[in-house]
Amino acid sequence: VSAEQLARIELEVDGLAHQLELAPLRRLLDVLREDLGLTGTKEGCGEGECGACTVLVDGQALNSCLVPAIQADGARITTVASAQNEAVQEAFVECEGSQCGICTPGLIVMTRAWIERCRRDDERPTRAGARSALAGNLCRCTGYEKVIDAALQAAARAGLVEGEA
Amino acid sequence: MGRSGHDRVRGLTRYVADEVPEGAWLGAALRSELPRARLRAIARDPAFDWSGVVVVEARDIPGSNHVAMIAEDWPVLAADHVGHVGEPLALVAAPSAAALGAALAAMTAELEALEPTLDFERSEELLHPLSIQKGDCTAGLAAAAHVFEGTYRTGSQEQMYIEPQGCIGFPPDAEGRVLVKGSMQCPFYVQRALVEALDLPRELVAAEQSATGGGFGGKEDYPSMLAVHAALLAKACAQPVAMILDRHTDLVVTPKRHPSRVVHRTGFDADGRLLAMQVDVLLDGGAYTTLSPVVLSRACIHAAGAYVCENVSIQGRAVATNHVPYGAFRGFGAPQVCFAIERQMDRAARALGLHPVELRRRNMLRVGERTATGQLLQESVGSVEVFERALERTRFDQHEWGASRAQEGRVRRGVGLAFFYHGAGFTGAGEENMKARVEVELGRDEHGAFRCRVHASSTEFGQGTIALFQTIAADALGCARAQVACPTPNTSRVPDSGPTVASRTCMVVGGCVARACRELRARVEAEVGAAGDFGERALRLLATRPDERVSAEVVYASPPGLVWDESTYAGDAYPAYGWAVDVAEVEVDLDSFEVRTTRFLSAVDVGKAINPLLVEGQIEGGSLQSVGFAHLEVVTSAEGRFLQDRMASCIIPTALDAPDFEVELIEVPFSHGPMGAKGVGELPMDGGAPAVVSAIEDALGLHVERVPATPEHLSELWLAAHPEDAL
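Residues numbered from 1 in each chain as written. Chains lettered and ligands numbered in written order. Predicted model: local features only at pLDDT ≥ 70, side-chain atom pairs only at ≥ 80, totals over all residues. Heavy atoms only, no water.

### Remarks on the overall build of chain B
Scanning chain B from N- to C-terminus turns up 17 helices and 28 strands. A globule of 727 residues ought to have a C-alpha radius of gyration of about 27 Å, and chain B, at 26 Å, matches this closely. A principal-axis box enclosing the C-alpha atoms of chain B has dimensions of 75 × 75 × 50 Å. Residues classed as buried in chain B amount to 63% of the 727 residues present. With the model as given, the accessible surface of chain B reaches about 25100 Å², and the carbon-plus-sulfur share is 49%. In chain B, 66 side chains carry a positive charge and 96 a negative one; their mean positions are 3 Å apart. (Helix = DSSP H or I, 4+ residues; strand = E, 2+ residues; numbered from the N terminus. Rg over C-alpha atoms; globule rule 2.2 N^0.38 Å. Buried < 20%, exposed > 50% of the residue type's maximum accessible area, 1.4 Å probe, protein only. Areas by Shrake-Rupley, 256 points an atom, 1.4 Å probe, with all protein chains shown as cover. Lys, Arg positive; Asp, Glu negative; His and termini not counted. Charge placed at Lys NZ, Arg CZ, Asp CG, Glu CD.)

In structure tokens, the structure reads:
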């Protein structure tokens, strides 16, 4: 594939299928925000450092600012807007885990990925585990305390039993 | 789409980058690569097709070529003199990112380099001086049994809001009205900047806040610059223009915390009581005045710390250099001086053979004492309460602080404490001059149900402004929080409640909200009685006045009896202060000299925690910024250019760097604050750095006199003290 030639790709985003024709190296972040109008995914740095643009690509959490669209061809993309994020979202509201909100979409997606990993690997959620899992998502407002509270509450709601710290 | 927690966690909240209209052009600035220069000309490549883009230079500015702030020295675009790297020289807008990049590449600034001033400690160009005098400092020092001297330095710090700065300018409409939307803390600052630079009457200029992804002071002054740029370009191309900074540009060009040097000479009597404090405060203001005079003001007022002393002399200077103008960052001068005084108290404690707790107990401000500006503290002084609560929780007074504890092994542990206070609201007569206004309106929502609307220019950028006003209004009216709405701050639709800065939103603007609501409640009670649901009664009142706006507008009135003399800088500096003690525990790895904060307790008196979870969130978030300031966050420059110009190098704490926070909320109510509340936003930024560094001193036995206490710095200090460890 050449960088100039338009490519046809298929994406399933939060359960909806899309067919797109685009420059293959465009960032997945821009395709979501500009082509599909899904502005829930945010850009904080554009270089994979802040995690605000985190989405799941076939279940794997990635910074969508670093993913060329072509690489996601045929993939299932999960963003903050996914209906399956409800429990995580409610936990963040209750625990005040979101202040200004710009990093929140990335944190919601990453928390969900962490909970799914805990379930898959039969790993007990802990504060330390949540800190490690969310270490790639920068938040400047909260000091992370209430973010970690929210992640643990979301894990509890998903039926996981908290482990010893 | 709304800005509530429910909206934010679903990605529904629309920030400025989410609001760029279809077909909008993109704008950017050609910026200086040199710290100081004369601008000869801006050359445009004749081979480039300029017909598809617009360019704006200084000569195209219809009004005054300055961004309205305190002085009139901050150019919208450099006209001839260039004062810092990143200074805008010309503006370009184009219909696509590719065309914008090509146009920028086809422009060359012809700059004649001049010798820059980069070391603020050697700058002789004064931006602003300040002096606070109380008693006779010279006599006090002469009479002292012990005199200690110390010099303390703090580095710059990047606000690092996760949403970069951005504005969208709209071209003038048929009536000549101009609108700018954007990420901002202070819509009326932006409006004033537009009025002055575009030479338009106020009625034709509106600034509207988009949902804002963090500010911390960083979106106090610079949005005015970006808004003027966006409006100029929008007018030139007759299209909406989005000026949204990428992270790299944001880091290179926007204001950060003022670097400081603070020198203390402190005299104690034989019992360890303060006799005299001589403090010299020096701030790097950068290339233009911007907010430096007020940052220096807050720095000087807080420079003597939360201690009693009869003889005080504080000299402050903000000087000019060829750096990006330093600006507002949470704490606004206080974190710098708090670090210095708390380190100086630790130095004195060690020299006097007193526990840091004991020295502070002997000297702390209490009710009935006077501050450095001579202010008599009459009420809402939680100093003793926060101190004792922090000790109860940590037993720090039982901890043998200092180098005496023999530790071995690779990981050394230490504990440190900081005691501090922070004035709420504008300084001195600032609030009297500001005359903040708020209007509260009773009305209906789109379904006809009761809805109270709070019209204020206070912006939400994560601190919880909306929830705060909802709680205050609901409490004062006797309705449900969900029945209170805070419409988007737009200068053509809300009264000027002042900027969202200085820990003033709760105490000052919130107080106005409460008063307006009480007026409305009294009106409803007088006309339709006091019994039953407030919303139903309000609807009955509204039904009798179908064509009338039922609202109350109030103007802020300072608490009675406050006296401030601007010429001598004496008197009641603030209506009230927040009080706090931080206790930090650290581990320092002697191989890498990396510091880990393992426990952080903050006991704070904010008068009243109106929304306790949100207040805790402010304390935790501010404290982590302060921990970052202590040892992690580095902002340095070479040849006037910030070296940390990407997120990868300009690091802030991650979830793994953060300790588990313990917050103890203590409420010593302030009779003139809404529900008893004072300010909270800035307070937690002041104490973390001195507490963490005190803990490092405890762990290593090194007196650390500057932040950030990076591994490199600690290793240098260690090797100087332990030459036998050198390789």
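Structure's up, so let's keep going.
### Things to note about the overall build of chain A
The number of helices and strands found in chain A is five helices and five strands. Mapped in sequence order, the helices and strands of chain A form the string β-β-α-β-β-β-α-α-α-α. The C-alpha atoms of chain A give 16 Å as radius of gyration, which agrees with the globular expectation for 165 residues (15 Å, within 12%). Counting only residues that meet the buried cut, chain A has 58% of its 165 residues in that class. A fraction of 55% describes how many contacts in chain A between residues 6 or more apart in sequence connect residues 24 or more apart. Carbon and sulfur atoms make up 45% of the accessible area of chain A, which totals about 6700 Å². Across chain A, the centroid of the 16 positively charged side chains sits 4 Å from that of the 25 negatively charged ones. (Contact = heavy atoms within 4.5 Å.)

### Regarding the packing of helix 12 (residues 465-477) of chain B against helix 13 (residues 505-528) of chain B
Residues and elements named next belong to chain B. Close contact between helix 12 and helix 13 brings their axes to 8 Å; oriented N to C, the two are set at 35°. Crossing hand, helix 12 versus helix 13: right-handed. Residues Thr465, Leu468, Phe469, Ile472, Ala473, Asp475, Ala476 and Leu477 of helix 12 touch helix 13, and the partners they reach there are Thr505, Cys506, Val509, Gly510, Val513, Ala514, Cys517, Arg518, Leu520 and Arg521. Class assignment for the residues of the contact of helix 12 with helix 13 results in twelve nonpolar, three polar and three charged. (Axes fitted to C-alpha atoms, helices over the stretch in contact; angles between N-to-C directions. Left-handed = near helix turned anticlockwise from the far one by under 90°. Nonpolar A, V, L, I, M, F, W, Y, C, P; charged D, E, K, R; others polar.)

### Structural notes on the packing of aromatic side chains
All names here are of chain B. Overall, the coordinates contain 15 aromatic pairs over all chains when judged by the stated rule. On the numbers, 5.8 Å between centres and 65° between planes, the contact of Tyr307 with Phe419 is edge-to-face. Taken together, the residues span a long stretch of sequence, with Tyr307 in the loop between helix 7 (292-302) and strand 15 (311-320) and Phe419 in strand 16 (residues 411-424) at a distance of 112 residues. Taken together, a centroid distance of 5.6 Å and an interplanar angle of 80° make the contact between Tyr574 and Tyr577 edge-to-face. (Phe/Tyr/Trp six-rings, centres within 6.5 Å; stacked < 30°, edge-to-face > 60°.)

### Notes on the sheet that holds strand 24 (residues 595-605) of chain B
Residue and element names in this part refer to chain B. Strand order in the open sheet made by the four strands is 16-23-24-27, with mixed pairing throughout. Edge positions in the sheet fall to strand 16 and strand 27 (660-666), since each of these pairs with one other strand and no more. Adjacent strand axes in the sheet meet at a mean angle of 15° when their direction is disregarded. Across seven bridges, the pairing between strand 24 and strand 27 is parallel. Note that in strand 27 the partner of Leu601 across the bridge is Glu662. (Pairing = 2+ DSSP bridges.)

### Here's the deal with the nonpolar core
By size, the foremost hydrophobic cluster in this structure holds 205 residues, and its most contacted members are B:Val281, B:Ile314, B:Phe419 and B:Trp579. For this core, the element with the highest residue contribution is helix 5 (residues 222-237) of chain B, accounting for eleven residues. (Core = buried A, V, L, I, M, F, W, Y, C linked by side-chain atoms within 4.5 Å.)

### Considering empty space enclosed by the protein
A water-sized probe, rolled over the atoms, reveals where empty space remains. Per the counting criterion, the structure on display carries seven cavities of 30 Å³ or more. B:Gln463, B:Ser503, B:Gln618, B:Val680 and B:Gly681 are the residues nearest the centre of the largest cavity, which is lined by 38 residues in total. Elements with a minimum of two residues in the lining of the largest cavity: helix 12, helix 13 and helix 15 (612-631) of chain B. At three residues, the largest contribution of residues to the lining of the largest cavity is made by helix 15 of chain B. Counted by class, the lining of the largest cavity contains 17 nonpolar, 15 polar and six charged residues. Its volume calculated, the second largest cavity comes out at about 80 Å³. Lining of the second largest cavity is provided by A:Gln99, A:Cys100, B:Arg3, B:Arg8, B:Thr13, B:Tyr15, B:Ala211, B:Thr212, B:Glu460, B:Phe461 and B:Gly462. Class assignment of the residues belonging to the lining of the second largest cavity gives a composition of four nonpolar, four polar and three charged. (1 Å grid on protein atoms, 1.4 Å probe; cavity = no way out; pocket = protein on both sides within 12 Å on 5 of 7 lines; lining within 4 Å. Points joined across faces, edges and corners; volume = space filled by probe spheres on them.)

### Describing the side chain of A:Ser64
Structurally, the position occupied by A:Ser64 is in the loop between strand 4 (60-63) and strand 5 (75-78). Beyond its immediate chain neighbours, meaning those up to four positions away, A:Ser64 contacts A:Arg27, A:Leu28, A:Leu29, A:Thr41, A:Cys53 and A:Val55.

### Concerning helix 17 (residues 711-721) of chain B
Residues and elements named next belong to chain B. When we look at burial in helix 17, the residues that qualify are His713, Leu714 and Trp718. Along helix 17, the residues classed as buried sweep out an arc of 135° about the axis, all on the same side. Facing away from the buried side of helix 17, by more than 90 degrees, are the exposed residues Glu712, Glu716 and Ala720. On its buried side, helix 17 packs onto strand 16, strand 24, helix 16 (683-700) and strand 28 (706-707). (Arc of directions from axis to C-beta.)

### Observations regarding the pattern of salt bridges
Residues and elements named next belong to chain B. Under the counting rule described, the total for this entry stands at 65 salt bridges over all chains. Arg545 is paired through a salt bridge with Glu527; the nearest N and O atoms lie 2.7 Å apart. Highlighted residues: Arg545 in the loop between helix 14 (534-543) and strand 20 (550-555) and Glu527 in helix 13, separated in sequence by 18 residues. One connected set of salt bridges, linked through shared partners, spans Glu342, Arg343, Asp346, Arg350, Arg360 and Glu697. (Salt bridge = Lys/Arg side-chain N within 4 Å of Asp/Glu carboxyl O.)

### A few points about the side chain of B:Lys256
All names here are of chain B. Within the secondary structure, Lys256 sits in the loop between helix 6 (247-253) and strand 13 (260-268). Of the residues examined, Lys256 reaches a relative accessible area of 2% and is grouped as buried. Here Glu158 takes part through its side chain, which lies 2.7 Å from a polar atom of the side chain of Lys256. When near neighbours in sequence (up to four residues on either side) are disregarded, Lys256 contacts Ser156, Gln157, Glu158, Gln159, Asp250, Leu251, Pro325, Tyr326, Gly327, Val635 and Phe642. (Polar contact = N/O pair within 3.5 Å; in protein donor to acceptor, adjacent residues only side chain to side chain.)

### Section: the interface of chain B and chain A
Each side of the interface is counted separately: chain B has 48 residues, and chain A has 41 residues. Surface buried jointly by chain B and chain A totals about 3600 Å² across both partners, of which 56% is contributed by carbon and sulfur atoms. The interface formed by chain B and chain A contains 31 residue pairs in polar contact (both at pLDDT 80 or more). If one sorts the elements of the side of chain B that touches chain A by residue count, helix 15 of chain B sits on top with nine residues. (Buried area = accessible area lost by both parts, 1.4 Å probe.)

### Some points on the state of the cysteines
Residue and element names in this part refer to chain B. The full count for this structure, using the stated rule, is zero disulfides over all chains. No disulfide involves Cys338; its sulfur sits 15 Å from the nearest other cysteine sulfur, which is in Cys300. With no disulfide partner, Cys486 has as its closest neighbouring cysteine sulfur the one in Cys452, 8.1 Å distant. (Disulfide = S-S within 2.5 Å.)

### Focus on the sheet that holds strand 13 of chain B
By definition, the strands of a sheet pair up through backbone hydrogen bonds, in either a parallel or an antiparallel sense. All names here are of chain B. The strand order across the open sheet formed by six strands is 7-15-14-13-8-28, and the pairing between neighbours is mixed. In the strand order of this sheet, the two ends are held by strand 7 (126-134) and strand 28, each with one partner. Across ten bridges, the pairing between strand 14 (residues 274-286) and strand 15 is parallel. Directly across from Ala276, in strand 15, lies its bridge partner Asn311. Against the sheet, helix 8 (residues 334-352) makes contact with strand 8 (146-154), strand 13, strand 14 and strand 28, and its axis sits at roughly 145° relative to strand 8, the strand it touches most.

### Remarks on the packing of helix 2 (residues 86-94) of chain A against helix 5 (residues 145-157) of chain A
All names here are of chain A. Orientation of helix 2 relative to helix 5, taken along the N-to-C sense of each, is 140°, at an axis distance of 8 Å. Taken together, the axes of helix 2 and helix 5 lie oblique to each other. When you trace helix 2 past helix 5, the crossing you get is right-handed. Where helix 2 approaches helix 5, its residues Ala87, Val88, Glu90, Ala91, Phe92 and Glu94 are matched on the opposing element by Val147, Ala150, Ala151, Gln153, Ala154 and Arg157. Residue composition of the contact of helix 2 with helix 5, grouped by class: eight nonpolar, one polar and three charged. (Parallel < 35°, antiparallel > 145°, perpendicular 65-115°, else oblique.)

### What about the pairing of strand 8 of chain B?
Residues and elements named next belong to chain B. Relative to strand 13, strand 8 runs antiparallel, the two sharing nine bridges. Following the sheet pairing, Tyr152 is matched in strand 13 by Val262. Where strand 8 and strand 28 come together, two bridges link them in parallel fashion. In the strand pairing of strand 28, Arg153 is matched with Arg706.

Function cannot be inferred from these measures alone, as they are strictly geometric.
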